[in-house]
Amino acid sequence: MLRLEVLSCGYGEMTAVHKLSLEVPAGKITGLLGANGAGKTSTIMCIAGHVAVHEGRIIYREGDITHDFPMVRVKNGIAVVPEGRRLFSSLTVKENLIVGGYSRPKENSREGIDRVMALFPRLGERLGQLAGSLSGGEQQMLSIGRALMAQPQLLLIDELSLGLMPKIIDICYEAIVELKQEGLTILLVEQSTQRALEMADQVCVLESGQAVWKGSAVEARNSLKLIDALLGLSDESKTPARI
Ligand SMILES: Nc1ncnc2c1ncn2[C@@H]1O[C@H](COP(=O)(O)OP(=O)(O)OP(=O)(O)O)[C@@H](O)[C@H]1O
Ligand SMILES: [Mg+2]
């Protein structure tokens, strides 16, 4: 579905991701792990077209999208659930969803909203409420819902569970499983190694912008010590990069 070919990207002179090669297979969940500043968000936002490519290529459904505008990528089926959610807090839940569907015909809106409400019934009860007044968990549901309104084939999720209560994380993960069953391809950045390994089919670990480990989630579970070491979680003298 998606292939990053020795991709380097960054901000001005600064390269945040170095020569990353990664295959994201259709219908699977690929987990992207790494400590703070490893380059996870930069990778996601580069795929979406918001971070400049320095070298390499982004191949999506066998087409080269490296230089496509972000809007073109959305139309072609790539949607992002961004870090920090970035909702329009002074718009209602329904309005945020409608904005998420801007790349699709207006008449698809109703169907899209129904689908999001079926996935997250809580949002259905709050359609007229301002996004800024939602709880953190509801905001994350809305952020996922807004991305789904673009009718994506590839969903990029940056930090699904960060700052959420376990019960809400479960709801979000159940939704992700359902979406995978519907055939969606997912690239998932996750701060919880355990959650990522429960969910993902394959995993890539980034360190200082470089891929330092790639493999199936089964292999990752068997190499948990190695993965933790790569994430800086095993050395007790250090503050864990992520808890
Ligand atoms: N807008 C920006 N301008 C300049 N440098 C940036 C910008 N955003 C990120 N960086 C730098 O790029 C590198 C990778 O950051 P990035 O946000 O991709 O990491 P991350 O893995 O998502 O980290 P976190 O776990 O904290 O979200 C870091 O060194 C960071 O300081
Ligand atoms: Mg990030």
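One structure accompanies this document, and this report is about it. (Residues numbered from 1 in each chain as written. Chains lettered and ligands numbered in written order. Predicted model: local features only at pLDDT ≥ 70, side-chain atom pairs only at ≥ 80, totals over all residues. Heavy atoms only, no water.)

Next up on the list: the overall build of the chain. For the chain, the helix and strand inventory stands at 10 helices and 10 strands. Taking 2.2 N^0.38 as the reference for a compact globule, 243 residues should give roughly 18 Å; the C-alpha atoms of the chain span a radius of gyration of 18 Å, in line with that estimate. Its C-alpha atoms give the chain principal-axis dimensions of about 50 × 40 × 35 Å. The proportion of buried residues among the 243 residues of the chain is 50%. A sequence separation of at least 24 residues applies to 67% of the contacts in the chain between residues at least 6 apart. Carbon and sulfur atoms form 52% of the exposed surface of the chain, whose accessible area is close to 11,300 Å². (Helix = DSSP H or I, 4+ residues; strand = E, 2+ residues; numbered from the N terminus. Rg over C-alpha atoms; globule rule 2.2 N^0.38 Å. Buried < 20%, exposed > 50% of the residue type's maximum accessible area, 1.4 Å probe, protein only. Contact = heavy atoms within 4.5 Å. Areas by Shrake-Rupley, 256 points an atom, 1.4 Å probe, with all protein chains shown as cover.)

So, about the pattern of salt bridges. Proximity of charged atoms lets side chains of opposite charge pair with each other. Under the criterion given, the structure shown has 12 salt bridges. Residue Glu138 pairs with Arg126 through a salt bridge whose shortest N-O separation is 3.1 Å. Taken together, the residues Glu138 in helix H6 (residues 136-148) and Arg126 in the loop between helix H5 (121-124) and H6 connect sequence positions 12 residues apart. For Glu138, a relative accessible area of 6% translates into the label buried. (Salt bridge = Lys/Arg side-chain N within 4 Å of Asp/Glu carboxyl O.)

The coordination sphere of the magnesium ion (ligand 2) contains the protein donors Thr41 (OG1) and Glu83 (OE), at a distance range of 1.9 to 2.7 Å. Of this pair, Thr41 sits in helix H1 (residues 40-48) while Glu83 is found in the loop between strand S6 (78-81) and helix H3 (93-100), placing the two residues 42 residues apart along the sequence. Given the relative accessible area of 24%, Thr41 is considered partly exposed. (Donors = N, O, S within 2.8 Å, 3.2 Å for Na, K, Ca; no water.)

A word on H6. With 13 residues, H6 extends 19 Å from end C-alpha to end C-alpha; this agrees with the ideal 18 Å at 1.5 Å per step. Most of H6 is tucked away: 12 of the 13 residues are buried. When H6 is considered as a whole, its buried residues turn out to be Gly137, Glu138, Gln139, Gln140, Met141, Leu142, Ser143, Ile144, Gly145, Arg146, Ala147 and Leu148. Residues of H6 that are buried in the fold lie against S6, H3, helix H4 (109-119), H5, strand S7 (154-158) and helix H7 (166-181). (Expected span 1.5 Å × (residues − 1).)

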